[in-house]
Amino acid sequence: MELFKYMEQYDYEQLVFCQDEQSGLKAIIAIHDTTLGPALGGTRMWTYENEEAAIEDALRLARGMTYKNAAAGLNLGGGKTVIIGDPRKDKNEEMFRAFGRYIQGLNGRYITAEDVGTTVEDMDLIHEETDFVTGISPAFGSSGNPSPVTAYGVYKGMKAAAKAAFGTDSLEGKTIAVQGVGNVAYNLCKHLHEEGAQLIVTDINKDSVQRAVEDFGAKAVDPDDIYDQECDIYAPCALGATINDVTIPKLKAKVIAGAANNQLRETHHGDLIHEMGIVYAPDYVINAGGVINVADELYGYNADRAMKKVEGIYQNIERVIEISNRDAIPTYKAADRLAEERIERMRKSRSQFLQNGQHILSRR
Ligand SMILES: NC(=O)c1ccc[n+]([C@@H]2O[C@H](COP(=O)([O-])OP(=O)(O)OC[C@H]3O[C@@H](n4cnc5c(N)ncnc54)[C@H](O)[C@@H]3O)[C@@H](O)[C@H]2O)c1
Ligand SMILES: CC(C)C[C@H](N)C(=O)O
């Protein structure tokens, strides 16, 4: 990958490589755009095939956060971190504290939170070194684990997408194929089960599958078999790029609505599913619940205020579908347009000098 060429193509601001031999920390912080505010995005810990794959993931996820935060109406830019390593084996206290010091060094340009492979406990360790971290323990006045809130937002957005496809937003009796039943999807399955949906689940982790079978009467299938299940809704809730040339011909669902980031391998896959008449709830619109929740910490966390905003994901998905129908464009393009227009409006609006923070003169 020609890094600067890639960064120029998608207008990235900054890429930070963090290395700490003692703890084994190898992290990449990508800051995509801070037009709307500091970059807020989670930290993913994953075993990447090689360093290039990790860099690419950080870059793609960071750009996704710019769009997610803009479309959710947050005054925040987009960034993301990946830590290279196995979250089950390679974590230690020094690693997250060393990472916290790197975040502190960015002086607020980047604020982190959880993503795949990281937990509230990891965020608490980061918090030992910096205040620029959200989703820490509620005892610190924080919002805690964002996953249940993300799940609730996905549930709401799925209902809005179902309404467009089936004429009703009731999920009772609908068959929903859920890929990955981790932190977000377990909570999503709970809402779906309570509403009377039939669940088909898969995961590479057998214990997670077993839990969903036991708790929600879900039918379990092998990971490769999730795509061609007879179902109404496909909910990708694992990693990205699962909507691609190989999987699209297998899909039988009328709706795609799930928590995973970067669901489309390439944008033309969004065109393809649109042509097939599938209602696609754009990933970064439907899965914004977690970031909406942690972002509320910047105002002094208030759960009621945050949840009211998360409820709005239903209307956000409706709006995207409306634009898609009105302008005869795929939903992913409608969502991009909403996000890009907001960023452009802010970029162009008159800039006036305002002193934020402590001016040296104010210390006298
Ligand atoms: N946690 C949040 O609040 C949040 C917010 C927005 C978006 N997301 C996105 O939602 C997705 C899930 O996040 P999470 O926090 O639940 O992570 P998680 O790690 O708890 O869950 C992911 C699950 O997917 C499984 N998985 C991985 N590869 C798979 C495959 N090929 N087939 C089947 N299962 C597979 C994993 O074993 C795991 O159980 C991620 O893409 C994440 O970026 C999460
Ligand atoms: C800020 C976090 C809650 C980020 C979350 N992992 C997301 O992708 O939206």
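Here is what the cut-offs are and how they apply
Residues numbered from 1 in each chain as written. Chains lettered and ligands numbered in written order. Predicted model: local features only at pLDDT ≥ 70, side-chain atom pairs only at ≥ 80, totals over all residues. Heavy atoms only, no water. Near = heavy atom within 4 Å. Polar contact = N/O pair within 3.5 Å; in protein donor to acceptor, adjacent residues only side chain to side chain. Helix = DSSP H or I, 4+ residues; strand = E, 2+ residues; numbered from the N terminus. Nonpolar A, V, L, I, M, F, W, Y, C, P; charged D, E, K, R; others polar. Areas by Shrake-Rupley, 256 points an atom, 1.4 Å probe, with all protein chains shown as cover. Buried < 20%, exposed > 50% of the residue type's maximum accessible area, 1.4 Å probe, protein only. Contact = heavy atoms within 4.5 Å. Pairing = 2+ DSSP bridges. Patch = residues over 30% accessible without salt bridge, like charges linked within 9 Å, V, L, I, M, F, W, Y side chains within 5 Å. Salt bridge = Lys/Arg side-chain N within 4 Å of Asp/Glu carboxyl O. Lys, Arg positive; Asp, Glu negative; His and termini not counted. Charge placed at Lys NZ, Arg CZ, Asp CG, Glu CD.

Some words on the site of ligand 1
Consideration 1: Near ligand 1 lie 20 residues; those nearest to it are Thr150, Asn183, Asp203, Ala238 and Asn261.
Consideration 2: Contact distances for ligand 1 include 3.5 Å between a nitrogen atom and a backbone N or O atom of isoleucine 204.
Consideration 3: Taken together, the elements giving at least two residues each to the shell around ligand 1 come down to helix 5 (147-166) and helix 6 (183-194).
Consideration 4: Counted by class, the shell around ligand 1 contains 8 nonpolar, 8 polar and 4 charged residues.

Some points on the site of ligand 2
Consideration 1: Gly42, Met65, Lys68, Lys80, Ala113, Glu114, Asp115, Pro146, Asn261, Gly290, Val291 and Val294 make up every residue found near ligand 2.
Consideration 2: The contact in question runs from an oxygen atom of ligand 2 to an N or O atom on the side chain of lysine 80, over 2.9 Å.
Consideration 3: The protein chains hide 93% of the 290 Å² of surface that ligand 2 would expose on its own.
Consideration 4: Those elements giving two or more residues to the shell around ligand 2 turn out to be helix 2 (51-71) and helix 10 (289-295).
Consideration 5: Counting residues per element, the shell around ligand 2 draws most heavily on helix 10, at 3 residues.
Consideration 6: Each residue belonging to the shell around ligand 2 can be placed in one class, and the counts come to 5 nonpolar, 3 polar and 4 charged.

Observations concerning the environment of arginine 337
Consideration 1: Mapping arginine 337 onto the fold places it in helix 13 (residues 331-348).
Consideration 2: Judged by relative accessible area, which is 33%, arginine 337 ranks as partly exposed.
Consideration 3: Not counting the four nearest positions on each side in its chain, arginine 337 is found in contact with Ile323, Asp327 and Ile329.

Details of the sheet that holds strand 9 (residues 219-220)
Consideration 1: The 6 strands lie next to each other as 9-8-7-10-11-12, forming an open sheet whose pairing is parallel. Edge strands, defined here as strands with exactly one partner in the open sheet, are strand 9 and strand 12 (279-280).
Consideration 2: Of the strand pairs in this sheet, strand 8 (residues 198-202) and strand 9 are connected by 2 bridges, and their pairing is parallel. Opposite isoleucine 200, over in strand 9, you have lysine 219 as the bridge partner.

A few points about a negative patch on the surface
Consideration 1: Residues Asp222, Asp224, Asp225, Asp228 and Glu230 make up a contiguous surface patch of negative charge.
Consideration 2: With respect to the helices, strands and loops of the structure, aspartate 228 is situated in the loop between strand 9 and strand 10 (233-236).
Consideration 3: By relative accessible area, which is 35% here, aspartate 228 ends up partly exposed.

Honestly, that's just the spatial picture; any functional story needs more than this.
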